[in-house]
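Notes for the structure review
Spelled out, the chains give:
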Amino acid sequence: MVGVGRRSLRETEELRACAHRVSRATSRKDDLLLGPPEEVSRSRRAGFAALDVAMTTEPEDPVAPLAAEPAVPSLVDRYFTRWYKADVKGKPSEDHCILQHSNRICVITLAGSHPVLQSGKTIKSISYQISTNCSRLQNKVSGKFKRGAQFLTELAPLCKIYCSDGEEYTISSCVRGRLMEVNENILHKPSILQEKPSTEGYIAVVLPKFEESRSITEGLLTQKEYEEVVLKRLKATTATSQGARTEVE
Amino acid sequence: MDSLSQNGEGKLSVTEDGSSSSKNSNLNVCNVCLGILQDFCEKEFIKKVCQKVEASGFEFTNLVLSVSFPPQLSVREHAAWLLVKQEMGKQSLSLGRNDIVQLKEAYKWITHPLFSEELGVPIDGKSLFEVSVVFAHPETVEDCHFLRAICPECFKPAKNKQSVFTRMAVMKALNKIKEEDFRKQFPCPPDSPKAVCTVLEIECAHGAVFVAGRYNKYSRNLPQTPWIIDGERKLESSVEELISDHLLKVFKAESFNFSSSGREDVDVRTLGNGRPFAIELVNPHRVHFTSQEIKELQQKINNSSNKIQVRDLQLVTREAIGHMKEGEEEKTKTYSALIWTNKAIQRKDIEFLDDIKDLKIDQKTPLRVLHRRPLAVRTRIIHSMETRYVDEHHFRLSLKTQAGTYIKEFVHGDFGRTKPNIGSLMEVTADILELDVEVNHFIVEMPVYTLSSTKIMLLKH
């Protein structure tokens with residue numbers, strides 16, 4: 001059996017998806033007129049109760065982060081749509097997640113399946129110097145129309161991540177547009193990238209051209225499509241390892 | 001009409017040859033006034049104009065008459081003046097430009113009393129109600145064109161103008177041109193036209209009136225202005241429509257312009273005395289209201305929706321709008337937020353927030369507005385906070401902040417781009433579930449009336 005004593009990626013994804021579905025079902029309707037605060041917390045608790053049911057399938061594993069998932073969708077879920085690009089630049093499992101805001105701004109982050117986010121990986125350093133002449137830190141935008149920004153294509157490198165095991169990973173933009181900013185917080189404290197990859201640990205903010213704001217997602221995967229890709233990948237790995245065991249036996 | 005006579009005062013007058021019927025095609029048309037003082041000063045014409053004014057449905061207690069003559073008339077007036085000056089000179093008398101009565105002035109001297117009598121109201125230069133009559137004389141349109149050759153700089157084409165030969169431009173050129181040059185190009189006395197002027201348009205319009213008040217917003221699903229993307233309305237109604245639609249109807253106005261002292265997000269309630277607003281009603285047909293009628297109008301607005309409530313509704317002057325936006329006696333804003341935390345918390349975990357005074361925070365332009373605002377870092381001050389524990393994952397937070405602080409971002413941190421934030425201060429992941437703003441804006445020019453007719457919901461304890 002794969003992943004005994006340690007939650008496999010697949011199981012984590014399933015639980016997350018389950019919690020997500022539960023949170024959607026209990027999310028409040030828009031108009032919150034009046035109502036004393038007690039009413040509010042009661043409904044929240046109802047949401048938590050449903051989550052507790054989901055949790056009981058994995059009693060031995062610590063569920064602290066998931067049990068606290070709000071009944072109302074998170075900041076990311078409320079304003080953003082998640083898009084994915086798998087195996088970026090052909091490198092296996094180097095998956096990126098693009099958070100597209102309803103106002104078309106894109107936040108580039110690492111997907112949960114990216115090697116850097118797997119347990120056991122330690123980041124040594126992060127660098128925005130992607131070539132001798134270009135550092136993403138030098139990016140300067142001015143004015144309402146964001147003049148002076150570095151223009152990015154889908155394959156444009158954003159940063160390099162150096163790990164303690166000697167591995168080096170390049171993070172790419174995945175969307176065309178103007179670079180607004182790169183996250184300087186992860187330079188000073190790289191662990192944020194692993195602790196909160198979808199929020200404080202973001203890589204960069206990109207503003208696509210207005211005309212292209214819909215078309216940029218054409219080459220990207222939806223949440224569902226991404227989950228299928230990850231599932232397929234997992235099955236392939238399982239098959240290989242099982243095959244190897246059979247051979248040995 | 002080729003000869004001009006003068007009286008002792010230097011007043012320009014035209015002698016007619018006795019025929020009186022204005023419809024007579026044999027009538028010789030005056031070569032200076034182009035028939036305006038002949039046909040269009042009669043009671044018959046005035047009556048025609050007044051009929052149109054009355055039919056327009058405007059409510060008015062006085063009026064200002066605005067008359068527009070064709071530009072070529074100024075050229076003819078100029079020619080007449082030069083001729084009269086010449087004659088006076090022969091008698092060793094000097095004549096200044098201002099000694100001549102302008103045609104427009106003479107026209108108004110004659111017609112004002114006639115309008116007054118017919119409509120039963122005085123003529124007042126300061127009146128907001130304007131009756132405008134526009135004359136044209138297509139036959140002599142090219143009379144002005146010679147001026148362009150001599151003073152080309154006066155006739156630069158502009159985007160809005162159909163023709164460069166506007167009255168202003170022609171007057172400017174006439175002031176510049178030398179007498180000899182003028183006489184070379186234009187006959188003095190001028191030629192006689194075949195027909196009189198035509199009336200291009202008779203229009204009435206009322207200057208804008210202003211209504212001000214304060215509004216409270218109780219819905220978490222209402223934008224301030226209509227939310228329409230690609231022709232599709234994304235959210236039903238808006239604050240401005242809920243208030244203005246009633247005013248538009250009662251004032252019988254053409255359109256409105258809504259402005260307020262600040263604004264709040266769609267999902268934020270506005271409590272306290274309410275946010276001051278002012279509405280400009282464009283071209284209103286009805287303008288006189290008693291204070292009782294205004295009170296009833298306020299009640300009508302409040303009865304029609306529970307999403308907003310209006311108070312202190314009053315008629316104000318245009319100047320009052322400026323005061324609303326800037327100079328104020330006292331303006332305070334307190335926010336009240338319902339906060340969720342991912343980690344379980346106890347009362348003691350939030351107590352420290354009550355003791356923080358004048359906290360400095362740095363806010364990068366929030367991602368949710370970055371598409372339309374410049375990227376910058378703004379330093380803001382959180383003056384004070386007050387917490388109220390709700391349960392292990394919720395607490396209420398009251399804040400007093402500097403103007404322009406993004407509260408939502410201060411709570412959830414906006415991807416770490418607002419530092420410090422509630423999450424970082426408490427070392428948890430925090431999110432904001434509800435936000436209310438309490439506005440208490442006292443403006444000297446906009447008195448606060450009694451609270452009796454409005455529901456004030458105070459989220460605070």
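Under an unreviewed UniProt entry, the name given to chain B is tRNA pseudouridine(55) synthase, and the organism recorded is Odocoileus virginianus.

In the nomenclature of an unreviewed UniProt entry, chain A is known as Protein Abitram of Odocoileus virginianus. UniProt's Sequence similarities (unreviewed entry) comment on chain A is quoted here verbatim: "Belongs to the ABITRAM family."

In an α-helix, one turn spans 3.6 residues; hence positions three or four apart end up facing the same way. Residues and elements named next belong to chain B. Over its 13 residues, helix H8 (residues 239-251) runs 19 Å from end to end, which matches the ideal 18 Å to within 8%, given 1.5 Å per residue. Listed in full, the buried residues belonging to H8 are Val239, Glu240, Glu241, Leu242, Ile243, Ser244, His246, Leu247 and Phe251. Where H8 is buried, its residues touch strand E6 (209-217), strand E8 (232-233), strand E9 (255-260), strand E10 (268-282), helix H9 (291-304) and strand E11 (308-316). At the C-terminal side of H8, Lys252 shows a positive phi close to 50°.

All right, on to a nonpolar patch on the surface then. There is a patch of nonpolar side chains on the surface, built from B:Leu37, B:Trp109 and B:Ile110 and spanning about 270 Å² of accessible area. When you line up the elements, B:Trp109 lands in helix H4 (residues 103-119).

Residues and elements named next belong to chain A. Summing up the model confidence of chain A, the mean pLDDT is 75 and the portion of residues at 70 or higher is 68%. For chain A, helix H2 (residues 37-55) is the element with the lowest average pLDDT, namely 35, and strand E3 (residues 106-110) is the one with the highest, namely 97. In this model, residues 1-69 is a region of pLDDT below 50 whose contacts with residues beyond four sequence positions or in other chains number 77 contacts.

Along the polypeptide, B:Asp358 turns up in the loop between helix H11 (347-355) and strand E13 (359-364). Sequence-distant contacts of B:Asp358, that is, excluding residues within four places in its chain, are made with B:Ile381, B:Ile382 and B:His383.

What follows deals with the nonpolar core. In this structure, B:Tyr107 and B:Phe135 are the most contacted members of the largest nonpolar core, which totals 32 residues. The dominant element in this core, judged by the number of residues it contributes, is helix H2 (residues 43-55) of chain B, at 5 residues. Setting aside residues no more than four positions away along its own chain, B:Phe135 makes contact with B:Ile36, B:Phe40, B:Phe45, B:Val67, B:Ser68, B:Phe69, B:Pro70, B:Tyr107, B:Cys197, B:Thr198, B:Val199 and B:Leu200. Formed by 31 residues, the second largest nonpolar core is a distinct cluster that contains A:Ile108, A:Leu152, A:Cys159 and A:Cys174.

Here the UniProt feature "domain: Pus10 N-terminal eukaryotes" (unreviewed entry) sits at residues 30-204 of chain B. Each end of residues 30-204 of chain B is marked by a C-alpha atom, and these two atoms are 29 Å apart; helix forms 43% of the span and strand 11%.

Next up on the list: the interface of chain A and chain B. Chain A puts 42 residues into the contact, and the matching count from chain B is 39 residues. Each partner contributes to the roughly 3,200 Å² buried at the junction of chain A and chain B, and carbon and sulfur atoms together form 59% of this total. As a salt-bridge pair, A:Arg78 and B:Asp431 come within 2.6 Å of each other at their nearest N and O atoms. Elements with a minimum of two residues in the side of chain A that touches chain B: H2, helix H4 (75-79), strand E2 (96-101) and strand E8 (177-182) of chain A. Looking at the side of chain A that touches chain B, its residues break down into 21 nonpolar, 8 polar and 13 charged.

What counts, and at which threshold
Residues numbered from 1 in each chain as written. Chains lettered and ligands numbered in written order. Predicted model: local features only at pLDDT ≥ 70, side-chain atom pairs only at ≥ 80, totals over all residues. Heavy atoms only, no water. UniProt positions renumbered as here; feature names shortened; annotations may be inferred. Helix = DSSP H or I, 4+ residues; strand = E, 2+ residues; numbered from the N terminus. Expected span 1.5 Å × (residues − 1). Buried < 20%, exposed > 50% of the residue type's maximum accessible area, 1.4 Å probe, protein only. Contact = heavy atoms within 4.5 Å. Patch = residues over 30% accessible without salt bridge, like charges linked within 9 Å, V, L, I, M, F, W, Y side chains within 5 Å. Areas by Shrake-Rupley, 256 points an atom, 1.4 Å probe, with all protein chains shown as cover. Salt bridge = Lys/Arg side-chain N within 4 Å of Asp/Glu carboxyl O. pLDDT = per-residue confidence, 0-100. Core = buried A, V, L, I, M, F, W, Y, C linked by side-chain atoms within 4.5 Å. Buried area = accessible area lost by both parts, 1.4 Å probe. Nonpolar A, V, L, I, M, F, W, Y, C, P; charged D, E, K, R; others polar.

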